[in-house]
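# Commentary on secondary and tertiary structure
Each chain is listed here by its residues.
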Amino acid sequence: MLPVNYQHLLQALVYSIFPQQEASYLHDQGYHYNNRTYKLFCFSKIKAKKTVYDNSTKKITFHDRISISISSILPELIEKTTNQILTTENLLLNGEKLTIDSIQFSQNSVTTNSLQVKANSPITVYSTYEKRDGSKITHYFSPHDPVFEHLIQENFARKYEAFTNESLEHEKELLSIRPVRVTNRDKVVTKYKNIWITGWTGIYEIKAKPEYLSFLLNAGLGSRNSSGFGFISPFQ
């Protein structure tokens with residue numbers, strides 16, 4: 001049983017199953033681009049065959065098995081995490097003990113210039129503005145807003161350069177993204193700790209170099225990936 005806004009609890013679980021050295025490095029340092037820091041991993045929402053939502057308590061009960069997907073552009077992180085999970089007896093999510101039933105791998109390697117993806121956790125991009133009184137306001141963009149694609153491009157470029165130390169300034173068009181099947185029902189408003197965040201699930205088509213598409217599948221799409229936003233997988 002978890003509160004409906006459980007991302008921060010799931011994030012704590014993910015950090016707890018990472019090897020301690022890698023977890024400390026990602027949490028405290030990460031990869032830098034100017035004054036921004038990127039963790040370069042992402043995770044999905046909890047998937048379960050049967051869930052019950054209690055409107056009075058704002059909690060979700062997950063029955064029987066649950067599954068969680070974790071991706072990272074750092075292959076050694078996934079490998080070491082797997083080894084650690086296999087030798088860990090007690091995994092706790094919000095104080096409840098979990099038992100590992102199985103582990104499965106997917107190779108996120110793309111060979112084409114176009115890919116349809118499903119957002120398994122909400123994709124979020126935003127801009128923050130300062131008002132005349134000095135306070136700040138954050139605006140989250142819909143996938144149907146032209147600014148959405150621009151912010152996706154900029155976010156990808158910063159993450160890619162932070163990881164590879166390769167400048168993408170010479171690239172005329174890094175990537176394009178368009179919503180294929182995204183409706184108002186895909187809009188998700190989530191409270192992460194004390195911040196309300198708006199994101200979008202749904203189906204999208206992304207066009208870019210294969211290496212860029214592979215990077216996005218592993219690192220996540222959009223902002224706040226290490227907080228459980230922007231986990232995507234190929235959609236067929």
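What counts as what
Residues numbered from 1 in each chain as written. Predicted model: local features only at pLDDT ≥ 70, side-chain atom pairs only at ≥ 80, totals over all residues. Heavy atoms only, no water. Salt bridge = Lys/Arg side-chain N within 4 Å of Asp/Glu carboxyl O. Helix = DSSP H or I, 4+ residues; strand = E, 2+ residues; numbered from the N terminus. Buried < 20%, exposed > 50% of the residue type's maximum accessible area, 1.4 Å probe, protein only. Patch = residues over 30% accessible without salt bridge, like charges linked within 9 Å, V, L, I, M, F, W, Y side chains within 5 Å. Areas by Shrake-Rupley, 256 points an atom, 1.4 Å probe, with all protein chains shown as cover. Pairing = 2+ DSSP bridges. 1 Å grid on protein atoms, 1.4 Å probe; cavity = no way out; pocket = protein on both sides within 12 Å on 5 of 7 lines; lining within 4 Å. Points joined across faces, edges and corners; volume = space filled by probe spheres on them. Nonpolar A, V, L, I, M, F, W, Y, C, P; charged D, E, K, R; others polar. Phe/Tyr/Trp six-rings, centres within 6.5 Å; stacked < 30°, edge-to-face > 60°. Axes fitted to C-alpha atoms, helices over the stretch in contact; angles between N-to-C directions. Parallel < 35°, antiparallel > 145°, perpendicular 65-115°, else oblique. Contact = heavy atoms within 4.5 Å.

A full pass over the atoms with the stated rule returns five salt bridges. For K80, the salt bridge is made with E22, and the minimal N-O distance between the two is 2.8 Å. Of this pair, K80 sits in helix α3 (residues 75-86) while E22 is found in helix α2 (residues 20-28), placing the two residues 58 residues apart along the sequence. Accessibility expressed as a relative area gives 38% for K80, which makes it partly exposed. A salt bridge links E205 to R178; the nearest nitrogen and oxygen atoms lie 2.9 Å apart. Of this pair, E205 sits in strand β15 (residues 195-208) while R178 sits in strand β13 (residues 175-181), placing them 27 residues apart in sequence. Classification of R178 by relative accessible area gives partly exposed; the value is 43%. One continuous salt-bridge network, built from bridges that share partners, spans D64, R65 and D101.

Right, let's get into a nonpolar patch on the surface. A contiguous nonpolar patch, built from L86, I100, I103 and F105 and spanning about 400 Å² of accessible area, is present on the exposed surface. Tracing the chain through its elements places L86 in helix α3.

Before going further, it helps to examine the pairing of strand β6 (residues 59-67). By the bridge criterion, two bridges tie strand β1 (residues 2-3) to β6 in an arrangement that is antiparallel. Bridge pairing links P3 to K59 in β6. Linking strand β5 (residues 47-54) back to β6 in an antiparallel pair, the connection comprises four residues, with K58 at a positive phi of about 60°.

Moving on, we get to unusual backbone geometry. A positive phi angle, near 60°, is found at K58, a position not held by glycine. Phi at D64 takes a positive value of approximately 60°, unusual for a residue other than glycine. Inspection of the secondary structure assignment puts D64 in strand β6.

Let's shift gears to the layout of surface pockets. Space left empty within the atom packing is revealed by a probe, the size of a water molecule, rolled over the atoms. Its volume calculated, the largest pocket comes out at about 1,700 Å³. The wall of the largest pocket is formed by 50 residues, among which S67, I68, S69, I70 and S102 lie closest to the centre. Across the lining of the largest pocket, the residue classes tally to 25 nonpolar, 16 polar and nine charged. For the lining of the second largest pocket, the secondary-structure elements that each account for two or more residues are α1 (7-17), β3 (36-38), β11 (126-130) and α4 (146-164). A per-element tally of the lining of the second largest pocket places α4 first, with five residues.

Within the structure shown, the criterion is met by 14 aromatic pairs. With a centroid separation of 6.1 Å and 80° between ring planes, the pair formed by Y15 and F18 is classed as edge-to-face. You'll find Y15 and F18 in the same group, each marked buried. Feature note: the residues Y25, Y31, F156, Y160, F163, Y212 and F215 constitute an aromatic cluster, connected by ring pairs.

Moving on: the packing of α4 against helix α5 (residues 210-219). With their axes 11 Å apart at the nearest point, α4 and α5 run at an angle of 90° to one another. When the axes of α4 and α5 are compared, the pair comes out roughly perpendicular. Residues F156, K159, Y160 and F163 of α4 pack against E211, Y212, F215 and L216 of α5. Broken down by class, the residue content of the contact of α4 with α5 amounts to six nonpolar, no polar and two charged.

Before going further, it helps to spend a moment on the environment of N184. Locating N184 in the fold gives a position in the loop between β13 and β14 (187-192). Between the C-alpha atoms of N184 and S142, which are 42 residues apart in sequence, the distance is 9.7 Å.

This is a description of form; function is not addressed.
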